[in-house]
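Fold and geometry: a report
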Amino acid sequence: MRNDRSCVLLAGLHHGLSEGIRSLLATRFDTVVMVSDEISLLQSAERLRPQLAVVDLILARGNAPDFIRRLRQSCPGLRVI
């Protein structure tokens, strides 16, 4: 499902920090979706097709390259920070 609105996914375990980052991102993106686990991140990326994902690599559980590869496979062209 793709729409004309800009969207960013924000994935992290620390709600307070994520909320602060969300506030900053909300000034540049129409929609900021916060998730706190790998499964929600992958499902949201497939469903929303965001332009950007800001990801806390602690979600990768030690295998960041594989984690990022799976995320980009589920949503080609996604920019990941």
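First, a word on what this report is: a plain description of the structure on this page. All of these numbers come straight from a predicted model, not from anything done at the bench.

What follows covers the sheet that holds strand 2 (residues 31-35). Overall, parallel pairing links the four strands, which are arranged 2-1-3-4 in an open sheet. The sheet terminates laterally at strand 2 and strand 4 (79-80), the two strands that pair on one side only. Relative to strand 1 (residues 7-11), helix 2 (residues 38-48) is tilted by about 175 degrees, and along the sheet it contacts strand 1, strand 2 and strand 3 (52-55).

A separate point is the environment of cysteine 75. If you trace the backbone, cysteine 75 turns up in the loop between helix 3 (64-74) and strand 4. You can call cysteine 75 buried: its relative accessible area is 2%. C-alpha separation for the pair cysteine 75 and leucine 48, spaced 27 residues apart in sequence, amounts to 9.2 Å. With residues near it in sequence (within four places) discarded, cysteine 75 still touches Ala45, Arg49 and Pro50.

Under the criterion given, the structure shown has three salt bridges. With its nearest N and O atoms 2.8 Å apart, the salt bridge here joins arginine 22 to glutamate 19. With arginine 22 and glutamate 19 both in helix 1 (residues 15-25) and three residues apart, this pair spans about one turn of that helix. On the basis of relative accessibility, which here comes to 27%, the residue arginine 22 falls in the partly exposed class. A salt bridge links arginine 70 to aspartate 66; the shortest N-O distance between them is 3.3 Å. Within this pair, arginine 70 and its partner aspartate 66 are both found in helix 3, separated by four residues, close to a single helical turn. Since its relative accessible area comes to 30%, arginine 70 is described here as partly exposed. Judged by relative accessible area, aspartate 66 falls into the partly exposed class, the value being 27%. Among the charged side chains, a salt-bridge network with shared partners connects Glu38, Asp66 and Arg70.

Moving on, we come to the pairing of strand 3. The alternating pattern of strand 3 places Leu52 and Val54 and Ala53 and Val55 on opposite faces, both of which are buried. Examined bridge by bridge, strand 1 and strand 3 share four bridges and lie parallel to one another. Bridge pairing links leucine 9 to alanine 53 in strand 3. With two bridges joining them, strand 3 and strand 4 adopt parallel strand pairing. Counterpart to alanine 53 in the pairing with strand 4 is valine 80. For the segment spanning strand 3, helix 3 and strand 4, crossover handedness is right-handed.

Rules behind the numbers
Residues numbered from 1 in each chain as written. Predicted model: local features only at pLDDT ≥ 70, side-chain atom pairs only at ≥ 80, totals over all residues. Heavy atoms only, no water. Pairing = 2+ DSSP bridges. Helix = DSSP H or I, 4+ residues; strand = E, 2+ residues; numbered from the N terminus. Contact = heavy atoms within 4.5 Å. Axes fitted to C-alpha atoms, helices over the stretch in contact; angles between N-to-C directions. Buried < 20%, exposed > 50% of the residue type's maximum accessible area, 1.4 Å probe, protein only. Salt bridge = Lys/Arg side-chain N within 4 Å of Asp/Glu carboxyl O. Right-handed = clockwise from strand over helix to strand, strands pointing away.

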